[in-house]
Amino acid sequence: MITLHHLRIGRSIFTVWLLEELGAEYDMTVYHRDPETMRAPESLRSIHPLGKSPVIVDGDLVLSESGAITSYVLEKYDTGYQFRPRSSDLQAWATYNQWLAYPEGSVFAPLLLKMLVLRSGVDHPVISPFSDAEIKLHFAHITEQLGDSPYILGDSFSGADFGISYMISMGERLGLLADYPELVEYLNRIKARPAWLSAVEKAVE
Ligand SMILES: N[C@@H](CCC(=O)N[C@@H](CS)C(=O)NCC(=O)O)C(=O)O
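This structure is a prediction, so every number in the text was calculated from the model and none was measured.

What am I meant to see in the site of the ligand here?
Near the ligand the following residues occur: Leu7, Gly10, Arg11, Arg39, Ala40, Lys52, Ser53, Pro54, Glu65, Ser66, Gly67 and Glu104. Residue classes in the shell around the ligand are distributed as 3 nonpolar, 4 polar and 5 charged.

Just to check I follow, could you spell out the packing of helix α3 (residues 90–120) against helix α5 (residues 160–173) for this structure?
Geometry of a packed helix pair, given as the angle between the helix axes and the separation of the axes. The N-to-C vectors of α3 and α5 enclose an angle of 20°; their axes lie 8 Å apart at closest approach. Here α3 is positioned roughly parallel relative to α5, judged by the angle of their axes. Where α3 crosses over α5, the two elements pack in a sense that is left-handed. Every residue of α5 that contacts α3 at Tyr96, Trp99, Leu100, Pro103, Glu104, Val107, Phe108 and Leu111 is listed here: Ala160, Gly163, Ile164, Tyr166, Met167, Met170 and Gly171. Taken together, the residues that form the contact of α3 with α5 break down as 12 nonpolar, 2 polar and 1 charged.

What is the right way to read the packing of helix α1 (residues 12–21) against helix α7 (residues 194–203) from this model?
At their nearest, the axes of α1 and α7 sit 8 Å apart, and the two run at 125° to each other. What the angle tells us is that α1 and α7 run oblique. The handedness of the crossing between α1 and α7 comes out as right-handed. Judged by residue contacts, Ile13, Val16, Trp17, Glu20 and Glu21 of α1 engage Ala195, Trp196, Ser198, Ala199, Val200, Lys202 and Ala203 from α7. Here the residues of the contact of α1 with α7 sort into 8 nonpolar, 1 polar and 3 charged.

Sorry, what's going on with the environment of leucine 153 here?
Relative to the assigned elements, leucine 153 resides in the loop between α4 (127–146) and α5. When the C-alpha positions of leucine 153 and glycine 59 are compared, they lie 32 Å apart, and in sequence the two are 94 residues distant. In this structure, leucine 153 is in contact with Tyr96, Trp99, Ser158 and Ala160, ignoring residues within four places of it in sequence.

Criteria and cut-off values
- Residues numbered from 1 in each chain as written.
- Predicted model: local features only at pLDDT ≥ 70, side-chain atom pairs only at ≥ 80, totals over all residues.
- Near = placed C-beta within 6 Å.
- Nonpolar A, V, L, I, M, F, W, Y, C, P; charged D, E, K, R; others polar.
- Axes fitted to C-alpha atoms, helices over the stretch in contact; angles between N-to-C directions.
- Helix = DSSP H or I, 4+ residues; strand = E, 2+ residues; numbered from the N terminus.
- Parallel < 35°, antiparallel > 145°, perpendicular 65-115°, else oblique.
- Left-handed = near helix turned anticlockwise from the far one by under 90°.
- Contact = placed C-beta atoms within 7 Å.

Here it is as structure tokens:
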């Protein structure tokens, strides 16, 4: 059975939600951030050398990286391909993988920079304009991809929605969604899903 090592306040709640969407059986160990540094406790390093979350343990497998965890959990439990295209549909599969990699690969860095600048309390002459422009680029791109669709790949909810919605929720937390009503609607749609609600209840987010 999968054990999820869940650090509160962060992307790991999206892995709890993934497991809930799939109705998977899992155990969860909850970790709390240091209230001053907001870093993970040292104990997470005994699970994985990076000491970050999410991490799952499944038998001998110790797996980090939220995107890789999404792929693994879907491969294991989504045997009917409800949440992902089959690789036999190569184009749909490639597009799906692009949207799976995109949040952590491209969207997260400018959001992190913005978060650190906001935390510091003063704008930075180089970092602030860079992160603001990049966030605008990515949020506009996601908005355009959504169009009138409820989910990032169209009418059907998919594995690509986990990472994308984490980025939008980070935008919400940083107060960056005022100009993006479609992203607010998207996040509200995600947060109305029964599996999201049980994830929040179980993870005490
Ligand atoms: N790229 C990794 C990032 C993992 C990560 O940085 N997790 C954060 C929580 S959102 C963390 O554990 N931070 C605590 C720390 O670095 O001390 C992923 O997608 O899982």
